[in-house]
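Descriptive structure summary
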Amino acid sequence: MKFGVIVFPGSNCDHDAFYAASQNLGQPTEYIWHDSRSLGSVDAVILPGGFAYGDYLRCGAIARFSPVMQAVQRFAAEGGLVLGICNGFQILVEAGLLPGALIRNRGLKFICRELRLGVTTSDSPFTCAMRQGQVLRLPIAHGEGCYFAEPRTLDELEAEDRVALRYLDNPNGSLRDIAGILNPGRNVMGMMPHPERAADPLMGSADGLGVFHSLMMAVAHPAPPAEAVRP
């Protein structure tokens, strides 16, 4: 399969994502600049972590208007696989591809450390190579990673099995311990932890490879359209 890694001014985890896909997985991978109006022939798109446009207005709020995001929105609408990591998650929320908001961490401090997460659902292209309840060790690095949404939205996410990952040691106050969520079509996922920083044993954990292996499995064995199995 072929990965595309979006590069915004201020992205700082684009090379990590590129390395995880191209070297740890051995898959063709290319960078896609923020002003591109096409994604080319990729099978999955990664919006990496960083500080897009310096996050000077609000995390992801400026990047959401980059020309490439129109291509990402079309790609997602056609069923393409889109993964937003950390700042990428914030951008997906700002673009309306995922519900809710990412706000300042509880305690108002930047947090950078490894922690434990639980795989809440294996029924997605991003978690299908893992089992429900599996515990992952992944790092986080964010100042505005507290997931917030209205109770109705939180209830819908849980009722529709769209909470993909939960913190077992909630570091930032995210409501209901949410660390990653899916869109209704289950082809877009945003997550605050960094799987690309835990994709090689030399980094102390290779648990993040489960996300990338899941994407490979999903492309090799695509599931029926969501509307065909979820009336």
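See the structure printed just above.
Nothing here was measured: the structure is a model prediction, and the numbers come from that model. (Residues numbered from 1 in each chain as written. Predicted model: local features only at pLDDT ≥ 70, side-chain atom pairs only at ≥ 80, totals over all residues. Heavy atoms only, no water.)

1. Topic: helix H5 (residues 209-220)
Under the convention used in this document: To qualify as a helix, a DSSP run of H or I must reach at least 4 residues; to qualify as a strand, a run of E must reach at least 2; elements of each kind are numbered from the N terminus. A helix's residues, less one, multiplied by 1.5 Å, set its expected span. Note on exposure labels: buried denotes an accessible area under 20% of the residue type's maximum, exposed denotes more than 50%, and partly exposed covers the range between, all computed with a 1.4 Å probe on protein chains only. Note on contacts: a residue pair is in contact if any heavy atoms of the two residues lie within 4.5 Å.
Across its twelve residues, H5 extends 16 Å between first and last C-alpha, which sits within 8% of the 16 Å expected from 1.5 Å per residue. Every buried residue of H5 is accounted for by Leu209, Gly210, Val211, Phe212, Ser214, Leu215 and Ala218. Contact partners of the buried residues in H5: strand E1 (3-7), helix H1 (14-24), strand E3 (44-47), strand E4 (81-85) and strand E11 (188-191).

2. Looking at unusual backbone geometry
One non-glycine residue with positive phi stands out, namely Asp55, at about 50 degrees. Even without being a glycine, Cys86 presents a positive backbone phi close to 55 degrees. Of note, Cys86 is situated in the loop between E4 and helix H3 (87-94). Assessed through its relative accessible area of 6%, Cys86 is described here as buried.

3. A look at the side chain of Arg186
Heads up, the rule is: Two N or O atoms form a polar contact when they lie within 3.5 Å of each other; inside protein one atom must be a possible hydrogen donor and the other a possible acceptor, and for residues adjacent in sequence the pair counts only when both atoms belong to side chains.
Assignment of secondary structure puts Arg186 in the loop between strand E10 (178-182) and E11. Overall, Arg186 belongs to the buried group, its relative accessible area being 6%. A distance of 2.7 Å separates a polar atom in the side chain of Arg186 from the backbone oxygen of Asp123.

4. Here we look at the pattern of salt bridges
Test applied: Put simply, a salt bridge is a Lys or Arg side-chain nitrogen that is within 4 Å of an Asp or Glu carboxyl oxygen.
Within this structure, the stated rule accounts for eleven salt bridges. The partner of Glu158 in a salt bridge is Arg176, and the shortest N-O contact between them spans 2.8 Å. Of the two residues, Glu158 sits in helix H4 (residues 151-159) while Arg176 sits in the loop between strand E9 (163-167) and E10, which places them 18 residues apart along the sequence. For Glu158, a relative accessible area of 33% corresponds to the partly exposed category. For Glu160, the salt bridge is made with Arg162, and the minimal N-O distance between the two is 2.7 Å. On the accessibility criterion, Glu160 (35% relative accessible area) is partly exposed. Accessibility expressed as a relative area gives 6% for Arg162, which makes it buried. The network of salt bridges with shared partners includes Asp155, Glu158, Arg166 and Arg176.

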